[in-house]
Amino acid sequence: MTLLLIAIGGAVWLAILAVGIVLWQRSRDGRLRERIKQAAGPLSKGANAEVEPEESIFRQTERRSRLSRAITARYPLINPRRAIPMMILAALGASIVAWLAIWLLQFTPGWWSMPLLGLVAYVAARMTASLMQKRKEAEFIRQFPEVVDQIVRLARAGVPPLEAMSVVAQDTPPPAGPALEEVCEGLNAGLDAETALSLTSRRIRLAEFTLFASVIRLQRRAGGGISSSFSNLADTLRENRTISLKARASTAQTRLTLMVLTAMPVVVLAGQSFISPESVDILFDTEKGVFMLRMGIGMIVVGLLVARGIGARFQT
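Residues numbered from 1 in each chain as written. Predicted model: local features only at pLDDT ≥ 70, side-chain atom pairs only at ≥ 80, totals over all residues. Heavy atoms only, no water.

Glancing now at helix H4 (residues 113–156). Between its first and last C-alpha, H4 extends 64 Å over 44 residues, near the 64 Å set by a 1.5 Å rise per residue. Remark: the principal bend of H4, roughly 35 degrees, maps to Gln-143, with a proline, Pro-145, within the next four residues. Just beyond H4, the residue with positive phi is Gly-158, at close to 105 degrees. (Helix = DSSP H or I, 4+ residues; strand = E, 2+ residues; numbered from the N terminus. Expected span 1.5 Å × (residues − 1). Bend = angle between axes of the 7 residues up to and from the residue.)

So, on to the packing of aromatic side chains. Enumeration according to the criterion identifies 5 aromatic pairs in this entry. Where Phe-140 meets Phe-209, the ring centres are 6.4 Å apart and the plane angle is 70 degrees; that geometry is what we call edge-to-face. With Phe-140 in helix H4 and Phe-209 in helix H8 (residues 207–222), this residue pair connects regions lying 69 residues apart in the sequence. The residues Phe-140 and Phe-209 share a single accessibility class, namely buried. Judged by centre distance (6.1 Å) and plane angle (50 degrees), the rings of Phe-144 and Phe-209 are tilted. With a gap of 65 residues between them, Phe-144 in helix H4 and Phe-209 in helix H8 connect regions that are remote in the sequence. (Phe/Tyr/Trp six-rings, centres within 6.5 Å; stacked < 30°, edge-to-face > 60°. Buried < 20%, exposed > 50% of the residue type's maximum accessible area, 1.4 Å probe, protein only.)

Here we come to the side chain of Glu-208. Tracing the chain through its elements places Glu-208 in helix H8. Arg-241 provides the closest opposite charge to the buried, unpaired Glu-208, separated from it by 9.0 Å. Sequence-distant contacts of Glu-208, that is, excluding residues within four places in its chain, are made with Ile-141, Phe-144 and Leu-237. (Lys, Arg positive; Asp, Glu negative; His and termini not counted. Salt bridge = Lys/Arg side-chain N within 4 Å of Asp/Glu carboxyl O. Contact = heavy atoms within 4.5 Å.)

What follows deals with the pattern of salt bridges. Considering all chains together, one arrives at 4 salt bridges under this definition. Across the pair Glu-146 and Arg-238 runs a salt bridge, and its minimum N-O distance is 3.3 Å. One end of the pair, Glu-146, is in helix H4; the other, Arg-238, is in helix H9 (residues 227–250), with 92 residues separating them in the sequence. Notably, a salt bridge pairs Arg-238 with Asp-149, separated by 2.2 Å at the nearest N-O pair. Here Arg-238, found in helix H9, pairs with Asp-149, found in helix H4; they are 89 residues apart in sequence, far enough to count as distant. A relative accessible area of 16% means that Asp-149 is categorised as buried. Each of Glu-146, Asp-149 and Arg-238 takes part in salt bridges that share partners, so that together they form one network.

The structure is reproduced here in structure tokens:
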């Protein structure tokens, strides 16, 4: 009887292992078919193919989860391996802060507590990824004019623009380097220059790189020297960055004032708790005090959201 049970258990485990291997192989085949489909679109339709790949088609990439692919599709300049731990920490910290806020404001936890904490964690993770993407975009914009200048110097020395871009891509750090390498990999895989540049610019979604790709495409169609066009492009990129920095500097005082006004109630409340604890106890021990505390925190949060919305509108 014992041998029969062992045999049955072994057969069950072998069946589970076989099913797992089959499902894993089907998943690999599905990813391969999807990758071939993405590559076949631009190869068959040319530069005007309406293809928007989520990641580099021709670059050999490691196995990625759906979460990593989703992050890469929405935030193409950040590394999912580094972003996911930061997003998890931000979500965990935001959930703890939200739970402390519920306790501080003396709300009675109920069925809505867990969905609220989940929503707060999701928003915190999204904001963290968005902040990392903006930092990478700023770094890309900062280093891209120098990249264009290097291509110009090589082009003036007689190197073709696409070959010059391949040489510069090898020595350029992220995030600009991988973008150029992606274009070069597309060219090595058989794509024409217009298609490779179009695919990369659609995936990265940066105006600076789109302008760079447009210059190369126009030069290849119209002919003529590329050095002067790239020089003008580098000057334009530097002027745009200078204007952006000036705009940020002009709004620095407003942003600092907003931060001070946000932190002032917390500082005053903490100081008052040491100077006159009985006046602070009123906010937590009476119904009117708790109501005033809730209203005050709610008004601060609404004010921050409105100020953020106004700032985002004027920045765009």
